[in-house]
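Here is how the chains run, residue by residue.
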Amino acid sequence: MWDFRTEPEFQEKLDWVDAFVRDEVEPLDLVLGDPYDKSDETARRLIAPLRRQVRDRGLWAAHLRPELGGQGYGQVRLALLNELLGRSRWAPSVFGCQAPDSGNAEILARFGTEEQKQRYLQPLLDGEISSCYSMTEPQAGADPTLFTTRAVRDGDEWVIDGEKWFSSNARHSSFLIVMVVTDPDAPPHQAMSMFIVPRETPGLTIVRDAGVGTESPEHSSHAYLRYEGVRVPADHLLGERGQAFAIAQTRLGGGRIHHGMRTIAQMRKAFDLMLERAVSRTTRHGRLADMQSTQDKIAESWIDLEQFRLLLLRTAWLIDEHQDYRAVRKDIAAVKVAMPRVYHDVVQRAMQLHGALGISNEMPFSAMMVDAQVMAIADGPTEVHRQTLARQLLRDVTPGEPLFGSGHLPTRTEAARAHVAARLEHLVANA
């Protein structure tokens, strides 16, 4: 039974990661460009020796099974690891677990053919290439039942036509995993399939790259894609025909937890800066730390952060117990709902305490606030997960008496009196 303690052997690894990320990786965030740009030779030269150290420690791609070069860590260990990696935008690439590549690697490993694994998965695991997950559409958002991008079989090829929106990392990807309709007359959850599309395939164009928040055009990371007569070989079908929805849920379930893990790191960074500001900044009335409003911000932030962390770790533990994301669906939904709210609230308090400096581009809070909103949309909007959580909680509830319900005190009192009277009668009869 998990008892909130980490095994000494794994804690030793976490201690090494903590120091390694702080001393060797976080400085790269300030001087290097996009971690997904494999054409950046300076970055490749700097990252290569760091990756070797990670591999030597047995921490490369720790989310994957051992036969794929990972450690097969369960979700609890991954949560503890990602609390540290989430401090740096370069750390996931240094440790071989960057999104969307990590999720794409997971589904290639589970559903890909041996040829697909050799051509696409292995270079991805080696950190030599980047990939893209091309799912959402302009008119449908994240609701796959409204997708219109189609793939039609033509001999030994599939021909894809349609548009995709907010496809992360398309500009730097070597291949894309795209979710399209292949059987429009089938039930919605059996109507779609997934394909691997090499980036250089004719007919695949980037209409434009959309930035997140204040990202500049040259650093915009989410593509508006157009597929016009894009032909891919039949053997580029990923998994079985009509299986895309199940594959997507397998990928997204883990992704939602991993987002939460790394978000904790950002919250803690904001919280630590809040504490530092409180004891460093003085006004004519004394330190910020001595003011009740500041103390309120600090107390509320610590409670929010620790509650969310416990919810996430409990959910990770349940995933390890059940080995089935579907069995933990409501818990994952709860993590997804809580994550952007807690992230926003902690960062907003830290930003407020820093005053004008806090909203300037000389501090990280503005980017964090945008990231908090991204977490409310990525992998399904918060509203959808609230519905999922509520439906799961309501599913097995037995209806009560329709007029007053099971909590009606007069009804309960009457029943209790009848129960006690029967007990007394039984005791007298047996005296």
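Along each chain, residue indices are assigned from 1 in the same order as the chain's sequence is written. Only residues with pLDDT of 70 or above have their local features reported here, since the model is predicted, and side-chain atom pairs are shown and tallied only from 80 upward, although totals for entire chains, interfaces and linings are computed over all residues. Side-chain measures here rest on the full set of heavy atoms in the structure, leaving out hydrogens and waters.

In the nomenclature of an unreviewed UniProt entry, the chain corresponds to Acyl-CoA dehydrogenase from the organism Pseudonocardia ammonioxydans. UniProt positions are given in the numbering used here, feature names are shortened, and annotations may be inferred rather than shown by experiment. If you open the UniProt record of the chain and go to Cofactor (unreviewed entry), you find "FAD". Within the UniProt record for the chain, the comment given under Sequence similarities (unreviewed entry) is "Belongs to the acyl-CoA dehydrogenase family."

Undergrad: Honestly, the packing of helix H9 (residues 329–353) against helix H11 (residues 365–375) in this entry has me stumped. Any pointers?
TA: Angle between the axes and distance between the axes are the two parameters that describe a pair of packed helices. Between N-to-C directions, angles span 0 to 180 degrees; the directions come from axes that are lines fitted to C-alpha atoms, helices contributing only their stretch in contact. In this description a helix means any DSSP run of H or I spanning at least four residues, a strand means any run of E spanning at least two, and both kinds are numbered starting from the N terminus. Axis separation between H9 and H11 bottoms out at 8 Å; the angle between their running directions is 165 degrees. The angle between H9 and H11 falls in the class roughly antiparallel. Remark: the crossing between H9 and H11 carries left-handed chirality. Touching Lys336, Met339, Pro340, Tyr343, His344, Val347, Gln348, Ala350 and Met351 of H9 are Phe365, Ser366, Met368, Met369, Asp371, Ala372 and Met375, all from H11. Here the term charged refers only to Asp, Glu, Lys and Arg, the term nonpolar to Ala, Val, Leu, Ile, Met, Phe, Trp, Tyr, Cys and Pro, and the term polar to all other amino acids, Gly among them. Of the residues belonging to the contact of H9 with H11, the class tally is 11 nonpolar, 3 polar and 2 charged. Note on angle classes: values under 35 degrees are labelled roughly parallel, values over 145 roughly antiparallel, values of 65 to 115 roughly perpendicular, and the remainder oblique. In a left-handed crossing the near helix is turned counterclockwise from the far helix by less than a right angle, and in a right-handed crossing that turn is clockwise. Contacts were defined at the residue level, with two residues in contact if any of their heavy atoms lie within 4.5 Å.

Undergrad: Looking at this structure, how should I read the packing of aromatic side chains?
TA: In this description, a pair of aromatic rings is defined by centroid distance and the angle of the planes. Ring geometry is summarised as follows: Phe, Tyr and Trp rings, the Trp one being its six-membered ring, pair when their centres sit within 6.5 Å, and such pairs are stacked at plane angles under 30 degrees, edge-to-face over 60 and tilted between the two. Following the criterion strictly, the structure yields 7 aromatic pairs and no others. Here the aromatic rings of phenylalanine 10 and tyrosine 73 are separated by 5.2 Å at their centres, their planes lie at 75 degrees, and the arrangement is edge-to-face. A residue pair is termed long-range when its members are at least 10 positions apart, and phenylalanine 10 in helix H1 (residues 8–25) and tyrosine 73 in the loop between helix H2 (41–56) and helix H3 (75–85) qualify at 63 residues. In this structure phenylalanine 10 comes out as buried when scored by relative accessible area, which is 2%. Grouped by ring-pair contacts, the aromatic residues Trp16, Phe20 and Phe95 constitute a single cluster. Placement of a positive charge over a ring is assigned whenever Lys NZ or Arg CZ falls within 6 Å of the ring centre and within 35 degrees of the normal to the ring plane. Lying over the aromatic face of tryptophan 60, arginine 55 brings its terminal NZ or CZ to 4.2 Å of the ring centre. For every residue, the accessible area (1.4 Å probe, protein chains only) is compared with the maximum for its type, and the residue is labelled buried under 20%, exposed over 50%, or partly exposed between those bounds.

Undergrad: Quick question: what am I supposed to make of the nonpolar core here?
TA: In globular proteins that are soluble, nonpolar side chains generally tend to be buried together. Side-chain atoms within 4.5 Å link the members of a nonpolar core, which is a set of buried Ala, Val, Leu, Ile, Met, Phe, Trp, Tyr and Cys residues. Of all hydrophobic cores here, the largest spans 92 residues; its most connected members are Val17, Phe95, Met194 and Phe308. Residues within four places of valine 17 in sequence aside, it is in contact with Leu59, Leu81, Leu84, Leu85 and Phe95. Counting residues in hydrophobic clusters, the runner-up holds 17 residues, among them Cys132, Ile160, Ala170 and Ala223.

Undergrad: Before we go on, may I ask you to explain the pattern of salt bridges in this structure?
TA: Any two side chains of opposite charge can pair, so long as their charged atoms come close to each other. Each salt bridge in this description consists of a side-chain nitrogen of Lys or Arg and a carboxyl oxygen of Asp or Glu lying within 4 Å of one another. Considering all chains together, one arrives at 22 salt bridges under this definition. A salt bridge links aspartate 18 to arginine 87, with the nearest nitrogen and oxygen atoms 2.9 Å apart. On the criterion of sequence distance, the pair formed by aspartate 18 in helix H1 and arginine 87 in the loop between H3 and helix H4 (91–94) is long-range, its members being 69 residues apart. For aspartate 18, a relative accessible area of 27% corresponds to the partly exposed category. With relative accessibility at 16%, the residue arginine 87 sits in the buried group. Ionic contacts of the salt-bridge type, sharing partners, join the residues Asp18, Arg22, Asp23, Glu26 and Arg87 into one network.

Undergrad: Would you mind going over the pairing of strand S4 (residues 175–181) with me for this structure?
TA: The two faces of a sheet get side chains in turn, since along a regular strand they alternate between them. In terms of burial, S4 is largely enclosed, as 7 of its 7 residues are buried. Alternating residues of S4 divide into Phe175, Ile177, Met179 and Val181 and Leu176, Val178 and Val180, and every residue in both groups is buried. A pair of strands counts as paired when DSSP detects no fewer than two bridges linking them. Here 4 bridges tie strand S1 (residues 131–134) to S4, and the two strands are oriented parallel to one another. Bridging across to S4, serine 134 finds its partner in valine 178. Relative to strand S5 (residues 192–198), S4 is paired through 7 bridges, and the arrangement is antiparallel. Each residue of the ladder has a partner; that of valine 180, found in S5, is serine 193.

Undergrad: Before we go on, may I ask you to explain the pairing of S5 in this structure?
TA: By the criterion of burial, S5 is predominantly enclosed, with 7 of the 7 residues buried. Here 2 bridges tie S5 to strand S8 (residues 237–238), and the two strands are oriented antiparallel to one another. Its bridge partner lying in S8, methionine 194 is registered against leucine 238.

Undergrad: What should I look at first to understand the side chain of asparagine 169 in this one?
TA: Residue placement: asparagine 169 occurs in the loop between strand S3 (157–168) and S4. By relative accessible area, asparagine 169 is classed as buried at 5%. Not counting residues up to four positions away in its chain, the partners in contact with asparagine 169 are Tyr36, Pro100, Ser130, Ser131, Cys132 and Ser221.

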